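Results of the structural survey
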Amino acid sequence: TIGPEIGRLTNLETLSLSYNLFQALPEALSDCRKLERFAVNNNKLSCLPQDITRLMKLQVLDMRDNAFIAITPQIGRMSCLTSLRVDGNDIRTPPPYICDLETKAMLRFLDRVDQCISSG
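Now for a look at the structure at hand. (Residues numbered from 1 in each chain as written. Predicted model: local features only at pLDDT ≥ 70, side-chain atom pairs only at ≥ 80, totals over all residues. Heavy atoms only, no water.)

**Things to note about helix 2 (residues 103-119)**
Helix length check: helix 2, at 17 residues, gives a terminal C-alpha distance of 24 Å against a target of 24 Å (1.5 Å per residue), a fit within 8%. Residues of helix 2 that are buried include every one of Thr103, Ala105, Met106, Leu107, Leu110 and Asp114, and no others. Looking at the packing, one finds that the buried side of helix 2 touches strand 4 (83-85) and helix 1 (96-99). Among the residues trailing helix 2, Gly120 stands out with phi positive, at a value near 80 degrees. (Helix = DSSP H or I, 4+ residues; strand = E, 2+ residues; numbered from the N terminus. Expected span 1.5 Å × (residues − 1). Buried < 20%, exposed > 50% of the residue type's maximum accessible area, 1.4 Å probe, protein only. Contact = heavy atoms within 4.5 Å.)

What follows is the structure in structure tokens.
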């Protein structure tokens, strides 16, 4: 288990939590504002912390081989993200053909969905 103390690592730039069978991550992870590379592949995660989009410097997010069925549209707001890996999940939202696109195209799609949701 990763405790909320992880939020105290405010200068952390790279974090790999891969291959640990984690089922959840603490919300405090969003306090690691300098995080640029984050790998959580090969766990049992079905969701990311709700405030993951506060990691505005995040460039690489590896979510492969987990239990995700959806990608939150707010991830589309993460302008520095250049690599979003989601293969090996049973993602239904967005549709699988969107998840097969390159990262920039997937983020554009997610951002548009987010804007539609936000505008009501």
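**Looking at the sheet that holds strand 3 (residues 60-62)**
With respect to topology, 4 strands assemble into an open sheet ordered 1-2-3-4, the strand pairing being parallel. The open sheet has two edge strands, strand 1 (14-16) and strand 4, and neither has a second partner. Sheet twist, expressed as the average angle between the axes of neighbouring strands with direction ignored, equals 5 degrees. (Pairing = 2+ DSSP bridges. Axes fitted to C-alpha atoms, helices over the stretch in contact; angles between N-to-C directions.)

**Considerations on the pattern of salt bridges**
Enumeration over the complete set of coordinates arrives at 7 salt bridges. Close ionic contact of Arg37 with Glu36 constitutes a salt bridge, the shortest N to O distance being 3.2 Å. A salt bridge links Asp62 to Arg64, with the shortest nitrogen-to-oxygen separation between them at 2.6 Å. The class for Arg64 is partly exposed, based on a relative accessible area of 21%. Beyond isolated ion pairs, a larger network of salt bridges with shared partners links Asp31, Asp51 and Arg54. (Salt bridge = Lys/Arg side-chain N within 4 Å of Asp/Glu carboxyl O.)

**Focus: the nonpolar core**
In terms of nonpolar packing, the biggest core is built from 30 residues, with Phe38, Leu48, Leu61, Ile75 and Leu84 touching the most fellow members. Looking at this core, the elements that each hand over two or more residues are helix 1 and helix 2. Among the elements that take part in this core, helix 2 stands out by supplying 3 residues, more than any other. Setting aside its immediate chain neighbours within four residues, Phe38 contacts Leu15, Leu17, Leu25, Leu29, Ile52, Leu58, Val60, Leu61 and Asp62. (Core = buried A, V, L, I, M, F, W, Y, C linked by side-chain atoms within 4.5 Å.)

**Digging into the side chain of Asp114**
Mapped onto the elements, Asp114 comes out in helix 2. Accessibility expressed as a relative area gives 4% for Asp114, which makes it buried. In this structure Asp114 touches Pro73, Gln74 and Arg77, once residues within four positions along its chain are discounted.

**Looking at unusual backbone geometry**
Of note, the bond from Thr93 into Pro94 is cis; its omega dihedral lies within 30 degrees of zero at -5 degrees. Relative to the assigned elements, Pro94 resides in the loop between strand 4 and helix 1. Here the phi dihedral of Leu21 falls at roughly 65 degrees; this positive angle occurs in a residue that is not glycine. Checked against the element boundaries, Leu21 lands in the loop between strand 1 and strand 2 (37-39). Residue classification places Leu21 among the exposed residues on the basis of a relative accessible area of 58%. Here Asp65, not a glycine, exhibits a phi torsion of approximately 55 degrees, which is positive.

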